[in-house]
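# Analysis of the macromolecular model
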Amino acid sequence: MLALLTRVHRIHPRSTLARQAFRAFSNASPVSTPPFRFTMPFSKPQPESNSKVLVLGAGNFGSCLAEHLGDSSHQVFLWSRDAEVVEHFNLHHKNAKYLPDHEFSKNITAVGPDLPNGGFINDMDVLLFAIPTQFLRYRIYIARLRYLNANRETLTILNRSLPKKNFPLLIFVNKGIEIGTDALTLEIIVDTCGAEVARAATFISGPSFAKEIVRRRPTSVSVASFTEAEANKTCDLFHQPHFRCYTGSDPIGIELAGALKNVYAIAAGMSDGLGFENNTRAMIITRGLAEMTCIGTAYGAHPLTFLGLAGVGDLFLTCSSSSSRNYTVGYRLGQGEGLQNIIATLGSVAEGVSTAKGVKRIIEKLAVKAPIANQVYEVLYNDKATKAAMRELMDLPPSKELDLPPKAGGPAKQLIEKLGLSKAE
Ligand SMILES: NC(=O)c1ccc[n+]([C@@H]2O[C@H](COP(=O)([O-])OP(=O)(O)OC[C@H]3O[C@@H](n4cnc5c(N)ncnc54)[C@H](O)[C@@H]3O)[C@@H](O)[C@H]2O)c1
Ligand SMILES: O=P(O)(O)OC[C@H](O)CO
């Protein structure tokens, strides 16, 4: 739409007029969400163009987003914990492990393996976190896979150098729930960096496979924050003729949607792996959406958020494509492979595997009916056979198709209090 507008009216796509027009379209959001709580920015003013961006995490999505921003003439730094990745990237403009066929923009410089120092962080306009919520590592001494809280670890270190006023614009793209605490990233930010930083944080979620973004395939995502100005800044930063953002003010809903869809993608993969066909996948997607909406509503998120790009958009994408790692985990389980082997050979993170644990606890705490998520948990953690899980889903007694719980809002209310936002309601 913007490309058309700029072409017809001969406006430069990165001009202020183009940005304003783009924002007007973006604000015509596909769903109505609750109002923003703040309009004024917390982070430092952003330059018109040429922002300095530090992308933390050089996996598939971090590298892809670094390329996306480098492509639109921002000055991008890509932090990796791996010295070899840093050296190789700066010599060849390639990331040998993730997106190996792609030649990256010369506007990107890899940094690491240590986290950049305070002076460097202060100099950045934007910090973009593309680190998984937690990371699985094979611990030789205990001979098993163990989860490490990747985002919490990085934010704790980073907070020492983060200015408390006029900090860089903060953007998070991970889709998961922290194991052990069941915390969303918003809560991890409050715990590690304080409420003011969390109120300014923005979250990007939606149907967005990294490899398609680097090929500039038309893509749209949701951008949510409690602060409208911060969401708009993120929108402006990411906007490209092939990339649109829709802003919203329900970061809790956006985060939940992104985390939950991964669990249902595992279920859809299982069904396909078992040899079931289109009817069954459509059933899992639709009933999955109903479960996601019930969990989100009982949690205190806005139900309509689940009808947006971060909800049904991403659910549909990941439940219907073998490009999804979560779908692939489910598919291979359905084909009879063991979970440990799948994870050890996947080569990339599938956040739904760890998120299924947190979701199970949240469902129990909120007393929400979510049979598909429960069966995914049983297969992943109690060795239930995928066929038996599907059988049990089909044997459930008849129930109402739409049965939204009253908006209880327990966990969201607590989180909102922790953010110091309850007075703003
Ligand atoms: N790949 C996609 O298409 C896509 C799209 C949207 C969102 N996401 C989300 O983005 C997040 C990252 O996904 P990805 O695809 O890049 O995963 P990935 O497995 O490709 O890469 C993860 C990267 O994070 C690094 N990492 C792990 N723990 C770290 C830590 N403590 N500190 C620093 N770096 C650490 C790893 O070394 C690796 O480079 C996930 O939450 C995912 O759900 C991914
Ligand atoms: O490969 P997946 O399953 O982690 O999905 C990637 C993104 O979340 C798609 O939007």
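Quantities reported herein were computed from a predicted structural model and do not represent experimental measurements.

Omega for the bond connecting glycine 112 with proline 113 falls within 30 degrees of zero, at 5 degrees, which places this linkage in the cis form. Take proline 113: it is sitting in the loop between strand S3 (108-111) and helix H5 (118-123). The phi angle at leucine 99 is positive, at roughly 45 degrees, despite the residue not being glycine. With respect to the secondary-structure elements, leucine 99 resides in the loop between helix H4 (83-92) and S3. Positive phi is not limited to glycine here, since arginine 216 has a value of about 60 degrees. With respect to the helices and strands, the residue arginine 216 is situated in the loop between helix H9 (210-214) and strand S9 (219-224). According to the C-beta neighbour criterion, arginine 216 is partly exposed, with 14 such atoms within 10 Å.

Another point: the site of ligand 1. Around ligand 1, the structure places 26 residues, and the nearest of them are Gly59, Asn60, Phe61, Ala150 and Asn174. The set of elements that each furnish at least two residues to the shell around ligand 1 consists of helix H3 (60-71) and helix H6 (150-159). Of the residues belonging to the shell around ligand 1, the class tally is twelve nonpolar, ten polar and four charged.

In the numbering adopted here, UniProt assigns the feature "domain: Glycerol-3-phosphate dehydrogenase NAD-dependent C-terminal" (unreviewed entry) to residues 250-390. For residues 250-390, the end-to-end C-alpha separation is 33 Å, with 75% helix and 0% strand making up the annotated structure.

Counting buried residues in helix H10 (residues 228-238) gives nine out of eleven residues, a clear majority hidden from the surface. Those residues of H10 that sit buried are Glu230, Ala231, Asn232, Lys233, Thr234, Cys235, Asp236, Leu237 and Phe238.

Within the fold, arginine 287 resides in helix H12 (residues 278-299). Judged by C-beta crowding, with 17 C-beta atoms within 10 Å, arginine 287 ranks as partly exposed. For the pair arginine 287 and glutamine 75, spaced 212 residues apart in sequence, the C-alpha to C-alpha distance is 44 Å.

Looking now at the domain arrangement of the chain. If you check the domain split of the chain, you get domain 1 (2-254) and domain 2 (259-416). Contacts between the two partners involve 36 residues from domain 1, matched on the other side by 31 residues from domain 2. Those elements giving two or more residues to the side of domain 1 that touches domain 2 turn out to be strand S5 (135-139), strand S6 (144-148), helix H7 (185-193), S9, strand S10 (243-248) and helix H11 (251-273). Grouping the amino acids of the side of domain 1 that touches domain 2 by side-chain chemistry returns 18 nonpolar, 13 polar and five charged.

A word on the nonpolar core. Grouped together as the largest cluster of nonpolar side chains are 112 residues, with contacts concentrated most on Val55, Leu78, Leu128, Tyr264 and Val376. The element best represented in this core is H11, accounting for 13 residues. Taken domain by domain, this core gets at least three of its residues from each of domain 1 (2-254) and domain 2 (259-416).

This brings us to the site of ligand 2. Around ligand 2, 13 residues are found, and the nearest of them are Ser208, Thr318, Ser324, Arg325 and Asn326. Elements supplying a minimum of two residues to the shell around ligand 2: H11, helix H13 (309-319) and helix H14 (325-334). Considering every element that reaches the shell around ligand 2, the biggest residue donor is H13, with three residues. Grouping the constituent residues of the shell around ligand 2 by class yields five nonpolar, five polar and three charged. Each of two domains, domain 1 (2-254) and domain 2 (259-416), supplies a minimum of three residues to the shell around ligand 2.

This part is about the sheet that holds S10. Taken in spatial order, the eight strands of this open sheet run S3-S2-S1-S4-S7-S8-S9-S10, and their pairing is mixed. The open sheet terminates on both sides in strands that have one partner only, identified here as S3 and S10. On average, each strand axis in the sheet is tilted by 25 degrees relative to the strand beside it, whichever way the strands run. The pairing of S9 with S10 spans six bridges and is classified as parallel. Bridging across to S10, serine 220 finds its partner in arginine 244. Relative to S3, H4 is tilted by about 160 degrees, and along the sheet it contacts strand S2 (75-79) and S3.

A few words now on the packing of H12 against H13. Following both chains from N to C, one finds H12 and H13 inclined at 150 degrees, their axes separated by 10 Å at the closest point. Considering how the two elements wind past one another, H12 and H13 form a crossing that is right-handed. Of H13, the residues touching H12 (which contributes Arg281, Ile284, Ile285, Gly288, Leu289 and Met292) are Gly311, Val312, Leu315, Phe316 and Cys319. The residue makeup of the contact of H12 with H13, split by class, is eight nonpolar, two polar and one charged.

In this section: helix H15 (residues 339-346). Little of H15 sits inside the fold, with zero of its eight residues counted as buried. Of the residues one or two after H15, glycine 347 is the one with positive phi, at around 80 degrees.

A separate point is the confidence of the model for the chain. Per-residue confidence for the chain averages 89 on the pLDDT scale, and 88% of its residues sit at or above 70. Here residues 24-31 scores under 50 on pLDDT; set against residues more than four positions off or in separate chains, the count is 17 contacts. In this model, residues 136-144 is a region of pLDDT below 50 whose contacts with residues beyond four sequence positions or in other chains number nine contacts. Taken together, the chains of this predicted complex give a pTM of 0.91 and an interface ipTM of 0.98.

Cut-offs applied
- The written sequence of each chain sets the order in which its residues are numbered from 1.
- Chain letters and ligand numbers both follow the written order, the letters beginning at A and the numbers at 1.
- Local features in this predicted model are restricted to residues of pLDDT 70 or higher, and side-chain atom pairs are both shown and tallied only at a pLDDT of 80 or more, whereas totals for entire chains, interfaces and linings draw on every residue.
- Think of it this way: any DSSP run of H or I at least four residues long counts as a helix, any run of E at least two long counts as a strand, and we number them from the N terminus.
- We call a residue exposed when 12 or fewer other C-beta atoms sit within 10 Å of its C-beta, buried when the count reaches 20 or more, and partly exposed for counts in between; the C-beta positions come from the backbone.
- Residues are classed as near a molecule or strand if the C-beta position derived from their backbone is within 6 Å of it.
- Lys, Arg, Asp and Glu make up the charged group, whereas Ala, Val, Leu, Ile, Met, Phe, Trp, Tyr, Cys and Pro make up the nonpolar group; the residues left over, Gly among them, are polar.
- UniProt positions are given in the numbering used here, feature names are shortened, and annotations may be inferred rather than shown by experiment.
- Just so you know, the domain bounds were taken from an automatic or database domain assignment.
- We call two residues in contact when the distance between their C-beta atoms, placed using the backbone, is within 7 Å.
- Only buried Ala, Val, Leu, Ile, Met, Phe, Trp, Tyr and Cys residues enter a nonpolar core, and they are joined through C-beta atoms within 7 Å.
- In this scheme, strands are said to pair when DSSP sees at least two bridges between them.
- Only C-alpha atoms enter the line fits that serve as axes; for helices the fit covers just the stretch in contact. Angles between N-to-C directions range over 0 to 180 degrees.
- The sense of a crossing depends on the near helix, which, turned anticlockwise from the far helix by less than a right angle, makes the crossing left-handed and, turned clockwise, makes it right-handed.
- Along the chain, pLDDT gives the predictor's confidence residue by residue, from 0 to 100.

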